Amino acid sequence: MVFDVIIIGAGPAGYTASIYASRYKLKNLIIGREQGGQINEAHSVENYPGFLSISGMELMSKFKKQSEKLGAKIILGQAKKIIKEKNTFVVILKNNKKYFSKTIILAIGMEYRRLEIPGEKKFTGKGVSFCFARDAKFFKNKTVAIIGGGDSAATGAVYLSEIAKKVYLIYRKKELRANPSQQEKVKNNPKIELILNTNLIAIKGDNIVKEIVLDNPFQNKKMLAIEGVFIEVGAIPSSALVKSIAVKVNKKGYINVKKNQSTNIKGIFAAGDITNASNGFRQVITASAEGAIASSAIYKFLQKK
C-alpha cells in the first residue's frame with residue numbers, strides 16, 4: 001500500500017496533520033515512538049483553547065481518538081531511515097518494516113537534554129520536571145532544585161522562588177552563563193541559594209523525589225533533602241532521521257521550512273518543534289498549526305502532481 005502521506009511523530013503536530021489530511025481525503029499513516037510525545041509529561045496544560053486545565057496525556061489521547069475516528073492508521077515504532085525510490089518515499093523502521101508514501105511530514109519534535117544520571121528517568125513526573133513554567137505550581141511551599149546555568153535556568157529559579165519555599169540553583173561551572181540582569185536577580189533573591197562548581201549525580205526517593213546527591217559537598221553535605229528537581233540544561237532537535245534523506249537543517253539542527261512547511265526536498269514537509277518556524281515559540285498550539293498547514297500544502301502538492 002502506498003499512502004498519500006506518512007506522518008512521522010505522534011505529538012500535537014503529527015496528530016493535527018493527520019486530522020487535516022483525513023479531512024482532505026488523503027490516506028495517512030502516523031508512525032511514532034510514543035503516543036503524544038513530550039507533552040505527555042505535562043501534569044496540567046492550561047493554555048490550550050477549550051480546556052481550563054487538562055493533563056498532557058489526556059489532551060493527546062483526545063487528539064489520537066479524533067485522528068483514528070477520521071481514518072488514520074497509527075503505528076508505534078521508530079523510523080530509522082527514509083529513502084526515495086522513483087516517486088515514492090520509503091520509511092524504514094528500526095524493526096526493518098517498510099512503509100511507502102507519496103509524501104512525508106516530519107513531526108519528530110524535540111528532546112530535552114537529559115543528565116543521564118540515576119533516578120532521572122525513574123522520577124520524571126514524580127518530582128523531576130523539564131519545564132518550570134508548566135510544573136512550578138505543583139511545588140508550592142516546597143524545597144526544589146533547578147539544574148543549569150543559562151538564561152532558562154536563572155529565569156526558572158526566579159520564577160520558582162515566587163512559588164516554592166526554597167530554591168537551590170545548581171550549576172557545574174564556577175559562574176552562571178545567564179545574562180547579567182538575570183544573574184543579578186538570582187543573586188539578590190533571598191529564597192535562591194547558588195551551588196556552583198557542582199554536578200547533580202543522583203536523584204533518590206521512594207514513590208516521589210526525596211533527596212539529591214551532589215559530587216561536591218555543600219555545607220558539609222553531599223545529600224540535600226529536595227521535593228522537586230527542575231532540569232534546565234537545554235533541548236536538542238530530534239533531527240538524526242533527516243540526515244538519511246538530506247533535509248536541510250540550520251546550525252542548531254532545526255529543519256528549515258518555508259511558509260507552507262515544505263523543506264528543500266520535494267514531497268517532504270516538517271511541522272512542530274523540529275522546525276525553525278514560529279520564531280522559537282514552541283507550544284502545543286503552534287505545533288498543531290504547523291501540522292495543519294503542512295497537510296494543506298500536501299493536498300495542493302498532490303493535486304498539482
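A. Region of the structure containing the overall build of the chain. Tallying secondary structure elements over the chain gives six helices and 17 strands in all. Here the chain has a C-alpha radius of gyration of 21 Å; the compact-globule value for 305 residues is 19 Å, and the two agree. Principal axes of the C-alpha set define a box for the chain whose edges measure 70 × 35 × 35 Å. The buried share of the chain, taken over its 305 residues, is 51%. Within the chain, counting contacts between residues at least 6 apart in sequence, those at least 24 apart form 58% of the total. Total accessible area computed for the chain in this model is approximately 15,500 Å², and 50% of it derives from carbon and sulfur atoms. Across the chain, the mean location of the 50 positive side-chain charges is 10 Å away from that of the 23 negative side-chain charges.

B. Representation of the nonpolar core. Residues Y15, I30, L59, F63, I105 and I298 are the most contacted members of the largest nonpolar core, which totals 28 residues. Per-element accounting of this core gives the leading share, six residues, to helix α6 (residues 284-304). In this structure Y15 touches A10, I30, Q35, G36, M60, F63, K64, S67 and I74, once residues within four positions along its chain are discounted.

C. Spatial organisation of unusual backbone geometry. A positive phi angle, near 65 degrees, is found at K25, a position not held by glycine. By secondary structure assignment, the location of K25 is in the loop between α1 (12-23) and β2 (28-32). In this structure, N96 is a non-glycine residue whose phi angle is positive, near 75 degrees. Topologically, N96 is positioned in the loop between β5 (88-93) and β6 (98-106).

D. Focus on the environment of K300. Positionally, K300 belongs in helix α6. In this structure K300 comes out as exposed when scored by relative accessible area, which is 51%. Spatially, the C-alpha atom of K300 lies 9.9 Å from that of Y24, the residues being 276 residues apart in sequence.

E. Expanded view of the sheet that holds strand β9 (residues 143-147). Taken together, the five strands give an open sheet; going across it, the order is β8-β15-β9-β10-β11, and neighbouring strands pair in parallel fashion. The outermost strands of the open sheet, each flanked by one partner alone, are β8 (128-129) and β11 (192-195). Relative to β11, strand β10 (residues 166-170) runs parallel, the two sharing four bridges. By the bridge assignment, Y168 is partnered in β11 with E193.

F. Highlighting the sheet that holds strand β14 (residues 221-225). Strand order across the open sheet formed by three strands is β12-β13-β14, with antiparallel pairing between neighbours. Each edge of the open sheet carries a strand with a single partner, namely β12 (200-205) and β14. Each adjacent strand pair in this sheet contributes to an overall mean axis angle of 25 degrees, direction not counted. Pairing analysis gives four bridges linking strand β13 (residues 209-218) to β14, with the strands arranged antiparallel. The partner of E211 across the bridge, within β14, is A225.

Reading the values: the criteria
- Residues numbered from 1 in each chain as written.
- Predicted model: local features only at pLDDT ≥ 70, side-chain atom pairs only at ≥ 80, totals over all residues.
- Heavy atoms only, no water.
- Helix = DSSP H or I, 4+ residues; strand = E, 2+ residues; numbered from the N terminus.
- Rg over C-alpha atoms; globule rule 2.2 N^0.38 Å.
- Buried < 20%, exposed > 50% of the residue type's maximum accessible area, 1.4 Å probe, protein only.
- Contact = heavy atoms within 4.5 Å.
- Areas by Shrake-Rupley, 256 points an atom, 1.4 Å probe, with all protein chains shown as cover.
- Lys, Arg positive; Asp, Glu negative; His and termini not counted.
- Charge placed at Lys NZ, Arg CZ, Asp CG, Glu CD.
- Core = buried A, V, L, I, M, F, W, Y, C linked by side-chain atoms within 4.5 Å.
- Pairing = 2+ DSSP bridges.
- Axes fitted to C-alpha atoms, helices over the stretch in contact; angles between N-to-C directions.

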